[in-house]
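If you want the building blocks of each chain, they are given just below.
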Amino acid sequence: MTPIGEDVAEMLEYVPASFKVIRHVRPKLACSRCQRIVQQPAPSRPIERGLPGPGLLAHVAVAKFADSLPLYRQAQIYAREGIDLDRSTLADWLGSTARLAQPLVEALGRYVLIAGKLHADDIPVPVLQPGRGTTKTGRLWTYVRDDRPAGSHAPPAVWFRYSPDRKGERPVMHLKDFRGVLQADGYAGFARLYERGDIVEAGCWAHVRRKFFDLNAHGPGSPIAAEALERIGELYGIEKAIRGRPPDERRSIRQARAGPLLESLRAWLLQTLSTVSKKSELATAIRYALVRWEAMTRYRDDGRIEIDNNAAERALRIVALGRKNYLFAGSDDGGDRAAAFYSLIGTAKLNGLDPEAYLHFVLERIAQHPINRIDEFLPWAVANQLSPTQRLAA
């Protein structure tokens, strides 16, 4: 028979994940001359004298905080694979891991706070009140440093903080070392920051647009809301064209193209406000924009600033999804733990890293790493030490 060619067919198959036990055998040696017993030091463990390896800890953390898989469901999955891990055991592991990674989270926070511009937002999270059988409303705050749309090559990062309430003193405490532009919604708690004089407010056109969108989407629709959406859409069209360009160029184009549109929009809003009922939802939407007009138009004259605060809202999406799945945090400590993992996982993803591979790399080494060199474990600092597939993950 003479070969004349071949046909190749491919099939994508799934190989289930597996657990393995790694045994470290350390022989003891005795010296008859010096009467000593010597032995290799025990290998480093992420949790001192703990059972889980760095890969397992990274997998549990990412499954919960990136894939929104509650611990009790993870325990059920592991049981099907013949591994009995109670939910409380997994929770203890995450607590120990968060404490181990806390210096790294603090280093991430320092990096975020030295930026000249931040995006900020918050989201409610139900928190169990031990002994009462009820939940209270805690808060996860996010602070995002991401200047890539303005042509910056500085690595993006997101820093989460947890608080048991939404008092205005919380962002004041979080941002006590920050100086620069803060892009956020109209939450009154941020006002104390702007009163300091070293933090400048930048508004969010996405919030303005959303109010008109809701008016136009529900009911028969509003011609005024539709026109507002069209006018705001023109502003966004300019932003799409200049994304990634340097700040000076963005400022110049915005002043030339967006400036006249903004002035026209303001005049139209003022004229329209005089013709609608003061108690209507339409009037409320218009006043929301006009009251904040200085902050809303600040982006026109500063090329570093974005037109909206969507960077912070994107960072909170995973929290909203997780909240639907695991329903509540077990305690205030659990809220702090969530903030730590959301910070590390979110920043890894912003820098194009597979968060599980990143956490595995860090947890394998951090226990023995000098704390004064903890910045060496920030995501962009270890990117070149991961494989190409681990660096290209979204």
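The structure displayed is predicted, hence computed values, not measured ones.

This part is about helix α7 (residues 223-242). Since one α-helical turn is 3.6 residues long, residues separated by three or four positions face the same way. Compared with the 28 Å implied by 1.5 Å per residue over 20 residues, the 30 Å span of α7 between its first and last C-alpha is a close match. By the burial criterion, the buried members of α7 are Ala225, Ala228, Leu229, Ile232, Leu235, Ile238, Glu239 and Ile242. Its buried side turned inward, α7 meets α6 (205-217), α8 (247-273) and α9 (281-291). Of the residues one or two after α7, Gly244 is the one with positive phi, at around 90°.

Moving on to the pairing of strand β3 (residues 117-129). Taking burial as the measure, the 13 residues of β3 include ten buried ones, the bulk of the element. Pairing of β3 with strand β6 (residues 180-183), which is carried by three bridges, proceeds in the parallel orientation. Note on β6: the bridge partner recorded for Lys117 is Val181. Note: β3 against strand β4 (residues 134-145), eleven bridges, orientation antiparallel. The residue bridging Gln129 from the neighbouring strand is Thr134, located in β4. Between β3 and β4, which pair antiparallel in sequence order, lie four residues; one of them, Gly131, sits at a positive phi of approximately 85°.

Time to look at the pattern of salt bridges. The tally for this structure, following the rule as stated, stands at 22 salt bridges. Here Glu313 and Arg210 are joined by a salt bridge, their closest N and O atoms 3.0 Å apart. Placement of Glu313 in helix α11 (residues 310-326) and of Arg210 in helix α6 is noted, with a sequence separation of 103 residues between them. Judged by relative accessible area, Arg210 falls into the partly exposed class, the value being 34%.

Once that is clear, we can look at the state of the cysteines. Across all of its chains, the model carries zero disulfides by this definition. Here Cys31 is not cross-linked by a disulfide; its sulfur's nearest cysteine counterpart is in Cys34, at 3.1 Å. The class of Cys31 is partly exposed, set by a relative accessible area of 33%. Classification of Cys34 as partly exposed rests on a relative accessible area of 40%.

Right, let's talk about the environment of Glu294 for a bit. By secondary structure assignment, the location of Glu294 is in helix α10 (residues 293-296). Sequence spacing of Glu294 and Ala202 is 92 residues, and the spatial spacing of their C-alpha atoms is 8.3 Å.

Rules used in this analysis
- Residues numbered from 1 in each chain as written.
- Predicted model: local features only at pLDDT ≥ 70, side-chain atom pairs only at ≥ 80, totals over all residues.
- Heavy atoms only, no water.
- Helix = DSSP H or I, 4+ residues; strand = E, 2+ residues; numbered from the N terminus.
- Expected span 1.5 Å × (residues − 1).
- Buried < 20%, exposed > 50% of the residue type's maximum accessible area, 1.4 Å probe, protein only.
- Contact = heavy atoms within 4.5 Å.
- Pairing = 2+ DSSP bridges.
- Salt bridge = Lys/Arg side-chain N within 4 Å of Asp/Glu carboxyl O.
- Disulfide = S-S within 2.5 Å.

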